[in-house]
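# Residue-level structural notes
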Amino acid sequence: MGVQLPKRPVSPWRRLALVSALGSGLLLLTSCSAEVRDEWKRGAMPEPATKEAWQILEFWQWSWVVALLTGALVWGLIFWVIWRYRRRHDDDVPVQTRYNLPLEIFYTIAPMIMILVLFSHTVRIQHDLTEIPEADHTVVVVGQQWSWTFNYVDEPVADGKNVYEFGTGSYIPTLVLPVDESVRFELHSPDVIHSFWITGFLYKEDVIPGRVNEFVVTPDKEGTYSGKCAELCGTYHSRMLFNVEVVSREEYDAYLQDRIEAGFVSDDVILGGKEATTQAGLESDTTEGGTE
Ligand SMILES: [Cu+2]
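Residues numbered from 1 in each chain as written. Predicted model: local features only at pLDDT ≥ 70, side-chain atom pairs only at ≥ 80, totals over all residues.

Take the pairing of strand E10 (residues 241-247) next. Going residue by residue along E10, you find Phe242, Val244 and Val246 tucked away on one face and Leu241, Asn243, Glu245 and Val247 left uncovered on the opposite face. In the sheet, strand E4 (residues 174-178) pairs with E10 via five bridges, with the strands oriented parallel. Paired with Thr174 across the strands is Asn243, a residue of E10. Of the strand pairs in this sheet, strand E9 (residues 223-229) and E10 are connected by six bridges, and their pairing is antiparallel. When the sheet's bridge partners are listed, Gly223 is paired in E10 with Val246. (Buried ≥ 20, exposed ≤ 12 C-beta atoms within 10 Å, placed from the backbone. Helix = DSSP H or I, 4+ residues; strand = E, 2+ residues; numbered from the N terminus. Pairing = 2+ DSSP bridges.)

Next up, the structure:
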């Protein structure tokens, strides 16, 4: 027989902490707006704004499901063992088991299967997204220290000329895209590695000097999205922001017409250099950027 220990009373402070934790948790769960709940469902991912982005979102969600199920199983087993074999005021030691071959094979093979499944989906989706089909139009993007230039190279509205928009360190440029039309991005960098990232497209790709990276997406939801450089590229990396506006065909044509009238037309694609980016405040030059 073990020795009976006196029962320890629960301190009022502990009880208070427990009740307030439960209360605030409940409050948090019930007061969520539909928007916040949707965000939770997406695992904090933005709502996909391209046809291609859905498979990334779904893969992300399923990865969480798998991870949480695995976590629940492992945590469950840990806590069950802690509870089931807790010390019960006697010196009995639970049965000690070693070399349980089936169990060892299971916990070696199960994680491998999980990793293989995740890996095969990663490869499949990556293969799908990096394929370059014929696109409705092309935008040549230049990422450079520390802003972006967008060349609308194949729009007939400019008589075969190139319509462009560029930002500077103090002016955030906007990329305009027509909805439901596929666009091929051609990524150039004249200096260091940047990364072209439109958050709502759930996709980013490195912009590498001496190499042209491309990808094709079809924006399918009108709206304004934020774009960033996702590769630490120097002192003013954080200023490499841009906006993306997905608009109707008419608005897109009108936008290009505006650019043409404002004189943002060139014979050649602007691939960076002094026309594209001047860091206002760093040099005597105070280029206003692509503002009208
Ligand atoms: Cu950058």
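Let's pick the thread back up.
Taken in spatial order, the five strands make up an open sheet running E4-E10-E9-E6-E7, and their pairing is mixed. The two strands at the open ends of the sheet, each matched to only one other strand, are E4 and strand E7 (203-207). Strand-to-strand twist of the sheet, defined as the mean angle between neighbouring strand axes without regard to direction, takes the value 20 degrees. Bridge count between strand E6 (residues 194-198) and E7: five bridges; the pairing is antiparallel. Each residue of the ladder has a partner; that of Ser195, found in E7, is Asp206. (Axes fitted to C-alpha atoms, helices over the stretch in contact; angles between N-to-C directions.)

Bringing the sheet that holds strand E11 (residues 265-266) into the picture now. Through backbone hydrogen bonds, the strands of a sheet pair up, either in parallel or in antiparallel fashion. A sheet is described by the order of its strands in space; here six strands give the open sequence E8-E5-E1-E2-E3-E11, paired in mixed fashion. At either margin of the open sheet sits one strand with a lone partner, and together these are strand E8 (213-217) and E11. Judged from the five bridges that link them, strand E5 (residues 183-188) and E8 form a sheet pairing that is antiparallel. Bridged to Arg184 within E8 is Val216.

Attention now moves to the environment of Glu214. Among the structural elements, Glu214 can be located in strand E8. Assessed through the 15 C-beta atoms surrounding it within 10 Å, Glu214 is described here as partly exposed. Taking the C-alpha atoms as reference points, Glu214 and Glu186, separated by 28 residues in sequence, lie 4.7 Å from one another. Excluding residues within four positions of it along the chain, Glu214 makes contact with Ile132, Arg184, Phe185, Glu186 and Leu187. (Contact = placed C-beta atoms within 7 Å.)

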